[in-house]
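Chain and residue survey
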Amino acid sequence: MTGHTDAAGADDATGTAPPAVSLSGVGKRYERGGEVVRALDDVSLDLPRGSYTAVMGPSGSGKSTLMNLVGCLDTPTAGTVLVDGEDVSELSDDGRARIRGRKVGFVFQTFNLMPRLSARENVALPLVFRGVDRADRLERADELLARVGLADRTDHRPNELSGGQRQRVAIARALANDPAIVLADEPTGNLDAETGRAILGEFERLHEAGTTVLLVSHERHVAEHAERIVHLRDGEIEGIEDIEERRRAAVAENAAMPDSGREMGDERDDRGGGGADGDAPGSVDAQDGSEGSSSGTGGDR
Ligand code: ADP
Ligand code: MG
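The text that follows walks through the structure, step by step, so that each part is easy to find. From a predicted model like this one, the values you see are computed outputs, not experimental measurements. (Residues numbered from 1 in each chain as written. Chains lettered and ligands numbered in written order. Predicted model: local features only at pLDDT ≥ 70, side-chain atom pairs only at ≥ 80, totals over all residues.)

**Quick notes on the overall build of the protein chain**
Let me state the cut-off plainly: In DSSP terms, a helix is any run of H or I states spanning at least four residues, a strand is any run of E spanning at least two, and both are numbered starting from the N terminus. In this scheme every C-beta is placed from the backbone, and a residue whose C-beta has 20 or more other C-beta atoms within 10 Å is buried, one with 12 or fewer is exposed, and one in between is partly exposed. Here, residues touch in the contact sense if the C-beta positions derived from the backbone fall within 7 Å of one another.
In terms of helices and strands, the protein chain carries 9 helices and 11 strands. Counting every position in the protein chain, which comprises 301 residues, the buried fraction comes to 35%. Summarising the internal contacts of the protein chain: among those between residues at least 6 apart in sequence, 68% fall at separations of at least 24.

Written as structure tokens, this is what we have:
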């Protein structure tokens, strides 16, 4: 959903819903045998409601730490984390668990499913902690599995499913509590390219339905599915790229030249071979490496 108004309208916060997540001056230090690791340093960032944000950065740059703070799995050592306007920085473990259970859905690189449970039971599990009764849990789980295309796999255990199917189960599970925010840490990291694209399609749909999505990836082509990319380095925000703006500009440019779009499309079909990706209208991939890029492709990967 791209219904965000321009920033000019946002200066008076009175009566306006707070961002889904707001980090201000957030730091996280770990101490290990006398040595201090600054995993995050003075990070300030808002995730507007319904926004789709990717976080990129090399290994060790603080991506997972950031994710864990946003998801209330951990507390910062400096600054504040607001989730839905509520300060979660100093909540007890129980307090954070409560927020997590209500507002956050997690998807991990390694799927993290319970091996002995069926897909249906895995998806229903978070609802146990919310006191939903069994029949309703299972019905809800079946609904969610159908939504991610697994209606015919509800009784399978994780080891009877492919990687992509497991990740779909994990997504369905993340949605069980109808979270306002979905956090995904390298969700396509263990999947082949095509399966990864399909999984990204699931996040796209969540975004279109109004869910706030935060996705961590070290791969640029994955991160480019988001509206913007936050670049982390050594625990600090190095820069924020507005992908959505670029996409809009590309669409506008295309609209100004009605014929060229069709020709380019044909050409791409010929070249691409397996043109299976009809799922990303206005995808940035299509104009990657265009003449407009600022300084070559050096920063990629
Ligand atoms: P990324 O996800 O970008 O690879 P992380 O957020 O996992 O990075 O880690 C950031 C830094 O914090 C790294 O230097 C890592 O070694 C350190 N770190 C992460 N978790 C811990 C921990 N529990 N104890 C000590 N150091 C940690
Ligand atoms: Mg990580």
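**With respect to the site of ligand 1**
Heads up, the condition is: Only the C-beta atom, placed from the backbone, is used; a residue is near a molecule or strand if that atom lies within 6 Å of it. Under the convention adopted here, Pro, Cys and the residues Ala, Val, Leu, Ile, Met, Phe, Trp and Tyr are nonpolar, Asp, Glu, Lys and Arg are charged, and Gly plus all remaining residues are polar.
Residues in close proximity to ligand 1 include Y30, R32, V37, A39, G57, S59, G60, S61, G62, K63, S64 and T65, which together make up its full environment. Residues of the shell around ligand 1, tallied by class, amount to 3 nonpolar, 7 polar and 2 charged.

**What to know about helix α5 (residues 163–174)**
Note the threshold: Expected span of a helix, by definition, is 1.5 Å for each gap between consecutive residues, and there is one gap fewer than residues.
Compared with an ideal rise of 1.5 Å per residue, which puts 12 residues at 16 Å, α5 spans 16 Å between its outermost C-alpha atoms and is within 8% of the ideal. Buried residues dominate α5, accounting for 10 of its 12 residues. Turning to α5, its buried residues number three or more, namely Q165, R166, Q167, R168, V169, A170, I171, A172, R173 and A174. On the buried face of α5, the contacting elements are β6 (104–108), α3 (119–128), α4 (134–147), β7 (181–185) and α6 (193–208).

**So, the packing of α3 against α4**
The cut-off we apply is this: A fitted line through C-alpha atoms represents every axis, and for helices the fit uses only the stretch in contact; the resulting angles, taken between N-to-C directions, go from 0 to 180 degrees. Oblique is the label for every angle not falling under 35 degrees (roughly parallel), over 145 degrees (roughly antiparallel), or within 65 to 115 degrees (roughly perpendicular). Each crossing gets its handedness from the near helix: less than a right angle anticlockwise from the far helix is left-handed, clockwise is right-handed.
Between α3 and α4, whose axes approach to 8 Å, the crossing angle comes to 120 degrees. By the angle between their axes, α3 is oblique relative to α4. Between α3 and α4 the crossing geometry is right-handed. Side by side, α3 and α4 meet where A119, R120, V123, A124, L127 and V128 of the first sit next to R137, L138, R140, A141, D142, L144 and L145 of the second. Its residues assigned to classes, the contact of α3 with α4 shows 9 nonpolar, no polar and 4 charged.

**Comments concerning the nonpolar core**
Cut-off, in case you're wondering: Nonpolar cores are built from buried Ala, Val, Leu, Ile, Met, Phe, Trp, Tyr and Cys residues. These are joined into a set through C-beta atoms within 7 Å.
In terms of nonpolar packing, the biggest core is built from 61 residues, with V123, L183 and L214 touching the most fellow members. Sorting elements by how many residues they give to this core places α5 first, with 5 residues. When sequence neighbours within four positions are dropped, the list of residues in contact with V123 reads A141, L144, L145, V169, A172, R173 and A176.

**So, the environment of F129**
Topologically, F129 is positioned in the loop between α3 and α4. C-alpha of F129 to C-alpha of R98: the two residues are 31 residues apart in sequence and 9.8 Å apart in space.

**Concerning the sheet that holds strand β10 (residues 236–242)**
The following threshold applies: Pairing between two strands requires that DSSP report at least two bridges joining them.
Spatially, β6-β7-β8-β3-β9-β10 is the arrangement adopted by the 6 strands of the open sheet, whose pairing is mixed. Only two strands of the sheet have a single neighbouring strand rather than two, namely β6 and β10. Taking the axes of each pair of neighbouring strands and ignoring which way they run, one obtains an average angle of 20 degrees across the sheet. When β6 meets β7, the two strands line up parallel, connected through 5 bridges. Bridged to V104 within β7 is I181. Contacts between helix α8 (residues 243–256) and the sheet are confined to β9 (228–233) and β10, with β10 contributing the most and set at about 20 degrees to the helix.

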